[in-house]
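Architecture and fold: a report
If you want the building blocks of each chain, they are given just below.
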Amino acid sequence: MSISAYLKEIGRGTKGARSLSRAQARELMGLLLDNQVSDLDLGAFCIAMRFKGESAEELAGFLDAVAARQAPWPRPEVPVVVLPSYNGARKLPNLTPLLAALLAREGLPVLVHGCDTEDRRIGTQAVWSALQWPVLAAPAALQPGQAVWMRTRHLLPALEKLLQLRRRIGLRNPAHSIVKLLDPLERPLPGRTTLPSLVVGSYTHPDYAHPMAETLALRQASGLLLRGTEGEPVAAPNREPASQGLLAGQTCFARSAVHSSLYADETAAAPQLPQGLDALQTAQLIRDMLGGHRPVPAPIAQQVQQIKTLHAAMCAPNPHNIGRLQGLSRD
């Protein structure tokens, strides 16, 4: 099926391009996910969107299309913390699995999803495999205190196909933005209610912070947005990043960035972590931190507290929990 009508809107260059409505974006992404578009049109879409960039309305519509095609999950006991992991690491160790384990230790159910789209980074899947932690190939009941990994193709094969186009054309496309805010447990079905998840969305460039927050607001979703380590959803070991918490689409706190060396507690100084580790070495580093042989970086410990506080407010949005959330704000 031709998508020329959509391409005429989004493909008119940086000055002439117009953003799609949420409904149009949902329909267009549905055609792509259902393999109803030629390779030529698919390539044109990817390049046009790369130049234009996604608006919040478009991202919300794209996510609507994905949610409608995801497999249903068993309803969890409490909201699941979702860690989208798609960037991997080149310099600093990939500590996304550490964040997942620390959250599970706090009694939260954690789902990490992702896939590698380039070969020169240490992806979370490789580290997770080296740790020999649980992996899912199909939706399953997630229990409090459990952390699992799931590859994108097991969530929605067509979505991973879009992600892997990066290897062919060398450019990211809207799928790379979609997955950063994706809640795999979301599946709108008539007469069936889902329990919203807490999505930890990360960005590399500050310009993405506003449209990502606006997208969560449009979808009335809850989450933590931060400038993650090399695009991963985990704080850097030497710097607490700027972050923003949203509860049911409403911003409940915002924090400015701060280097850990400026913390009042001198014991929170950033540990010196080795660079250029492979998956096995990263796994051992994480084991050492979980076993108490190395300190957990203070910014990651702070991130765990932010997520715990958000999660508590999702479970019980009472004045006490809302007040604790608001108390996290920092100029």
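Read on for an overview of the structure. Numbering of residues starts from 1 in each chain and follows the order in which that chain's sequence is written. In keeping with the model being predicted, local features are shown solely for residues with a pLDDT of at least 70 and side-chain atom pairs are shown and tallied solely at 80 or more, while totals for entire chains, interfaces and linings include all residues. Heavy atoms throughout the structure, all of them, feed into the side-chain values; hydrogens and water do not.

This part takes up helix α9 (residues 157-169). Since one α-helical turn is 3.6 residues long, residues separated by three or four positions face the same way. Taking 1.5 Å per residue, 13 residues should reach 18 Å; α9 reaches 19 Å between its end C-alpha atoms and fits that length. Axes are fitted to the seven residues ending at a residue and to the seven starting at it; the angle between these axes is taken as the bend at that residue. Labels follow the DSSP assignment, with helices taken as runs of H or I lasting at least four residues and strands as runs of E lasting at least two, numbered in each case from the N terminus. Along α9, the sharpest change in direction is near 25 degrees and occurs at L163. All of the buried residues along α9 are A158, L159, E160, L162, L163, Q164 and L165. Among the structural elements, α3 (22-33), α4 (39-52), α5 (56-69), β4 (147-151), α8 (152-155) and α10 (174-178) are those in contact with the buried residues of α9. Just downstream of α9, G170 is the residue with a positive phi angle, here 80 degrees. Given a helix with a known number of residues, its expected span is that number minus one, times 1.5 Å. Between buried and exposed lies partly exposed: a residue is buried under 20% and exposed over 50% of the maximum accessible area for its type, with that area taken using a 1.4 Å probe on protein chains only. In what follows, residue pairs with any heavy atoms lying within 4.5 Å of each other are defined as contacts.

Stacked, tilted and edge-to-face are the three classes applied to pairs of Phe, Tyr and Trp rings, where Trp contributes its six-membered ring and a pair requires centres within 6.5 Å; stacked means planes under 30 degrees apart, edge-to-face means over 60, and tilted covers the rest. According to the stated counting rule, one finds 2 aromatic pairs in the structure shown. Where F45 meets F62, the ring centres are 6.3 Å apart and the plane angle is 80 degrees; that geometry is what we call edge-to-face. Here F45, found in helix α4, pairs with F62, found in helix α5; they are 17 residues apart in sequence, far enough to count as distant. Of the two residues, F45 and F62, neither departs from the other in class, the shared state being buried. Between W128 and W133, the ring centres sit 5.1 Å apart and the planes meet at 90 degrees, which makes this aromatic pair edge-to-face. Judged by relative accessible area, which is 0%, W128 ranks as buried. By relative accessible area, W133 is classed as partly exposed at 22%.

Quick look at the pairing of β4 now. Here β4 lies mainly inside the structure; 5 of its 5 residues are buried. Residues A147, W149 and R151 line one face of β4 and the alternating positions V148 and M150 line the opposite face, and both faces are buried. Inspection of the sheet shows strand β2 (residues 110-114) paired to β4 by 5 bridges, in the parallel sense. Opposite G114, over in β4, you have R151 as the bridge partner. In short, DSSP must find at least two bridges between two strands for them to pair.

Tracing the chain through its elements places E58 in helix α5. E58 gets classed as buried once you look at its relative accessible area, which sits at 0%. For the pair E58 and P211, spaced 153 residues apart in the sequence, the C-alpha separation amounts to 10.0 Å. If near-sequence neighbours (up to four positions away) are discounted, E58 is found in contact with I10, R18, S19, L20, A25, M49, K52 and G53.

This part covers the environment of L159. Within the secondary structure layout, L159 lies in helix α9. Sequence separation between L159 and A175 is 16 residues; the distance between their C-alpha atoms is 6.9 Å. Residues contacting L159, with those up to four places away along its chain left out, are L33, V66, T152, A175, V179 and L182.

Positive phi, close to 60 degrees, is recorded for N35, a residue that is not glycine. Looking at the element boundaries, N35 is found in the loop between α3 and α4. Looking at N35, the relative accessible area reads 53%, which means it is exposed. Unlike most non-glycine residues, E230 shows phi in positive territory, near 55 degrees.

Counting 44 residues, the largest nonpolar core has L95 and I307 as its most contacted members. Top contributing element to this core by residue count: helix α6 (residues 96-105), with 7 residues. In this structure I307 touches V81, L99, L103, L108, L198, V200 and L224, once residues within four positions along its chain are discounted. The term nonpolar core refers to a set of buried residues drawn from Ala, Val, Leu, Ile, Met, Phe, Trp, Tyr and Cys, joined through side-chain atoms within 4.5 Å. Listed in part, the 43 residues of the second largest apolar core include F45, F62, L156 and M212.

Here we take up the side chain of S197. Structurally, the position occupied by S197 is in the loop between α10 and β5 (198-203). Look at S197 and you get buried, because its relative accessible area is 4%. Counting of polar contacts relies on pairs of N or O atoms within 3.5 Å, with two restrictions inside protein: one atom must be capable of donating a hydrogen and the other of accepting it, and residues adjacent in sequence are counted only when both atoms are side-chain atoms. Within polar-contact distance, the side chain of S197 engages the side chain of D183 at 2.9 Å.

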